[in-house]
Amino acid sequence: MSSEQELLGATGAYTAYGRAIESERSDALFHDQFAKAFAGTLGKEFMQSVSTSCQIVEAQLCTAVAVRVNLFDDLLLKTAPQQVVILACGGDMRHCRLPFSETCQFYEVDLPNVMKHRQHVTGSSFTGPNIHPISCDLNESTTLEKELIAAGFNCKVPATWLCEGLVMYLPETKLKEMLQLIVKLSAPGSHFIADFLNKKYHSSDWTKALREVWARYGMNPCFGTDAPERLLAQV
């Protein structure tokens, strides 16, 4: 793994590159002023590797990223959140991009190396009176709970939990622990927004080339489900 991959994470760079390309369009769905710097050279390299290996036009891959980001943006804003917890926030500065209430509190969580790079790229936008960056391994739910509470998260106030491109990288046992924690900390009226891979992703011939590229960059999705609603109902 390269030093750049260790610093910012391959998927974070990949999605940041997609956001950067979308931001350059005249009809862009959103504008992310930090995306290009966060993606670095790794984001473009990773995207081009996927494009070449999977024989998919790069522009289509970037559009796929942009559509998902825009969907999550829309769903998040519809919840009119008082608190937002973004798990695996990467380089996306939603608190800068979107029109939230001035009193909305943001808890943005990712691995220490990613948060260090995020701070370097975003400077004074990294933190603030209502912006609470948290460095934490999301496999460690006990630590996550302590860090959120220490940062001021209020269990009595409804929150929106955002997990974009995260749950597929967590082992099932760790994912369930995280979901149980979210339920524990969420007041009535809270929301959970996430995306899932289905089970066929892990065995389909159609996704074989993509899985091989992902593995070369140290990213190996390990969880898939064909019934996320059933999984969530069991928590």
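Given the structure is predicted, the values throughout are model-derived calculations rather than measurements. Starting from 1, residues in each chain are numbered consecutively following that chain's sequence as written. Predicted model: local features are reported for residues with pLDDT of at least 70 only, side-chain atom pairs are reported and counted for 80 or more only, and whole-chain, interface and lining totals are derived from all residues. Excluded from the side-chain calculation are hydrogens and water; included are all heavy atoms of the structure.

1. Thoughts on the packing of helix α3 (residues 35-54) against helix α9 (residues 208-216)
For helices, the fitted line uses only the C-alpha atoms of the stretch in contact; every axis is such a line through C-alpha atoms, and the angle between N-to-C directions lies from 0 to 180 degrees. Counting from the N terminus, the helices are DSSP H or I runs at least four residues long and the strands are E runs at least two residues long. Relative orientation of the contacting elements α3 and α9 amounts to 150°, with a least axis distance of 9 Å. In terms of axis orientation, α3 runs roughly antiparallel to α9. Relative to α9, α3 is oriented so that their crossing is right-handed. Counted together, Phe46, Ser49, Val50, Ser53 and Cys54 of α3 and Ala209, Leu210, Val213, Trp214 and Arg216 of α9 form the full contact between these two elements. Taken together, the residues that form the contact of α3 with α9 break down as seven nonpolar, two polar and one charged. The cut-offs work like this: below 35 degrees is roughly parallel, past 145 is roughly antiparallel, 65 to 115 is roughly perpendicular, and the gaps in between are oblique. With the far helix as reference, a near helix turned anticlockwise by less than a right angle produces a left-handed crossing, and one turned clockwise produces a right-handed crossing. Whether two residues touch is decided by their heavy atoms; if any such pair falls within 4.5 Å, the residues are in contact. Any residue outside Ala, Val, Leu, Ile, Met, Phe, Trp, Tyr, Cys, Pro, Asp, Glu, Lys and Arg is labelled polar, Gly included; the first ten of those are nonpolar and the last four are charged.

2. A closer look at helix α2 (residues 10-23)
Here the expected span of a helix is defined as 1.5 Å times the quantity of residues minus one. Between its first and last C-alpha, α2 extends 20 Å over 14 residues, near the 20 Å set by a 1.5 Å rise per residue. We call a residue buried when its accessible area falls under 20% of the maximum for its residue type, exposed when it is over 50%, and partly exposed in between, using a 1.4 Å probe and counting protein chains only. Across the 14 residues of α2, 13 count as buried, placing the element largely inside the fold.

3. So, the nonpolar core
What tends to happen in soluble globular proteins is that the nonpolar side chains get buried as a cluster. By size, the foremost hydrophobic cluster in this structure holds 27 residues, and its most contacted members are Tyr14, Phe46, Met47, Val50, Trp214 and Tyr217. It is α3 that contributes the most residues to this core, seven residues altogether. Judged by nonpolar contacts, the second largest core, of 24 residues, contains Val109, Leu148, Met178 and Leu179. Take the buried residues of types Ala, Val, Leu, Ile, Met, Phe, Trp, Tyr and Cys, join any two whose side-chain atoms come within 4.5 Å, and each joined set is a nonpolar core.

4. Brief notes about the side chain of serine 49
The residue serine 49 is located in helix α3 in this model. A distance of 2.9 Å separates polar atoms of two side chains, one belonging to serine 49 and the other to tyrosine 217. Polar contact criterion, stated in full: a pair of N or O atoms within 3.5 Å, where within protein one must be able to donate a hydrogen and the other to accept it, and residues adjacent in sequence count only if both atoms are side-chain atoms.

5. Overview of the pairing of strand β5 (residues 191-194)
For two strands to be treated as a pair, DSSP must find at least two bridges joining them. Pairing analysis gives four bridges linking strand β4 (residues 159-163) to β5, with the strands arranged parallel. Paired with tryptophan 161 across the strands is phenylalanine 192, a residue of β5. You can see the chain leave β4, run along helix α8 (residues 172-185) and come back into β5, and the turn it takes is right-handed. Look down the strands so they point away from you; if going from the first strand over the helix to the second traces a clockwise path, that crossover is right-handed.

6. Focus: the pairing of strand β1 (residues 83-87)
Among the five residues of β1, five are classified as buried, and the element is accordingly described as predominantly covered. The two faces of β1 match: Gln83, Val85 and Leu87 on one face and Val84 and Ile86 on the other face are all buried. One ladder, built from five bridges, connects β1 with strand β2 (residues 105-110); its direction is parallel. Bridging from a neighbouring strand, glutamine 83 pairs with glutamine 105 of β2.

7. Brief notes about the state of the cysteines
Criterion for a disulfide: a pair of cysteine sulfur atoms within 2.5 Å. In this structure the tally under the stated criterion is zero disulfides. Left without a disulfide partner, cysteine 104 is nearest to the cysteine sulfur of cysteine 96, which lies 13 Å away. Cysteine 136 carries a free sulfur, and the closest cysteine sulfur to it, the one in cysteine 89, is 11 Å from it. Note on cysteine 136: relative accessible area 3%, which makes it buried.

8. Comments concerning unusual backbone geometry
At alanine 80, a position not held by glycine, the phi torsion is positive, near 45°. As for its placement among the helices and strands, alanine 80 is situated in the loop between α4 (58-78) and β1. Its relative accessible area of 61% is what places alanine 80 among the exposed residues. Even without being a glycine, alanine 88 presents a positive backbone phi close to 65°. Checked against the element boundaries, alanine 88 lands in the loop between β1 and α5 (94-97).

9. Re the environment of aspartate 32
Looking at the element boundaries, aspartate 32 is found in the loop between α2 and α3. Take aspartate 32: its relative accessible area is 6%, and that puts it in the buried class. Non-local contacts of aspartate 32, meaning those with residues more than four positions away in its chain, are made with Arg19, Ser23, Gly91, Asp92 and Arg97. Here the side chain of aspartate 32 touches alanine 35 through a polar contact of 3.2 Å, landing on its backbone nitrogen.

10. Some remarks on the sheet that holds β5
Spatially, β3-β2-β1-β4-β5 is the arrangement adopted by the five strands of the open sheet, whose pairing is parallel. The sheet terminates laterally at β3 (131-135) and β5, the two strands that pair on one side only. Direction aside, neighbouring strands of the sheet carry axes that sit 15° apart on average. Running over the sheet, helix α6 (residues 112-122) touches β2 and β3 and is turned about 125° from β2.

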